[in-house]
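Commentary on secondary and tertiary structure
One letter stands for each residue in the lines below.
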Amino acid sequence: MALNLNKNLKLYYSIKEVAEMFELPESTLRYWEQEFPSLKPKTNGPAKIRQYQEKDIEQIRLIHNLVKVRGFKLAAARKMLTHNKQGVDKTADILYALLSMRTELQALKKHLDGLQ
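Described below are features of the structure shown in this document.

Criteria and cut-off values
Residues numbered from 1 in each chain as written. Predicted model: local features only at pLDDT ≥ 70, side-chain atom pairs only at ≥ 80, totals over all residues. Heavy atoms only, no water. Salt bridge = Lys/Arg side-chain N within 4 Å of Asp/Glu carboxyl O. Helix = DSSP H or I, 4+ residues; strand = E, 2+ residues; numbered from the N terminus. Buried < 20%, exposed > 50% of the residue type's maximum accessible area, 1.4 Å probe, protein only. Contact = heavy atoms within 4.5 Å. Core = buried A, V, L, I, M, F, W, Y, C linked by side-chain atoms within 4.5 Å.

**Quick look at the pattern of salt bridges**
One pass over the structure, following the stated rule, counts six salt bridges. In this structure, Arg78 and Glu35 form a salt bridge, with 3.0 Å as the shortest nitrogen-oxygen distance. In this pair, Arg78 sits in helix H4 (residues 74–83) while Glu35 sits in helix H2 (residues 26–35), placing the two residues 43 residues apart along the sequence. Here Lys55 makes a salt bridge to Asp56, at a shortest N to O gap of 3.5 Å. Take Lys55: its relative accessible area is 55%, and that puts it in the exposed class.

Here it is, written out as structure tokens:
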């Protein structure tokens, strides 16, 4: 069996790490936990330290896409996630693929401009 080097070995992320991933304040993530019932990170110990798993980060990615990128109100985003999760998932995947492609093209353009 071959060793998979691309596999993410980290099981849990802190709220600080997740907030940095999406360039959001930690308070926004805490608020979204109240507004979106599907977002429930594991809490550990009496201090209730949040531990986000990959499934939680995926849920945040969808919420971020709807609220911050596409400009939906929280109620509309909640409704979209409840009634059309597959559609939201597909459009989020397409959007992030396009954003990734744009970043690569900008880097390529910068490289080509440096050759002139």
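**Description of the side chain of His64**
Note on placement: His64 falls in helix H3 (residues 54–69). Owing to a relative accessible area of 13%, His64 belongs among the buried residues under this scheme. Residues contacting His64, with those up to four places away along its chain left out, are Phe22, Leu24, Trp32, Val69 and Tyr96.

**Let's talk about the nonpolar core**
Residues Val18, Leu29, Trp32, Phe36, Tyr52, Ile60 and Ile63 are the most contacted members of the largest nonpolar core, which totals 20 residues. For this core, the secondary-structure elements that each account for two or more residues are helix H1 (15–22), H2, H3 and H4. Sort the elements by how many residues they give to this core and H3 lands first, with six residues. Setting aside residues up to four positions removed in sequence, Trp32 forms contacts with Leu24, Leu39, Ile60, Ile63, His64, Val67, Lys68 and Leu74.

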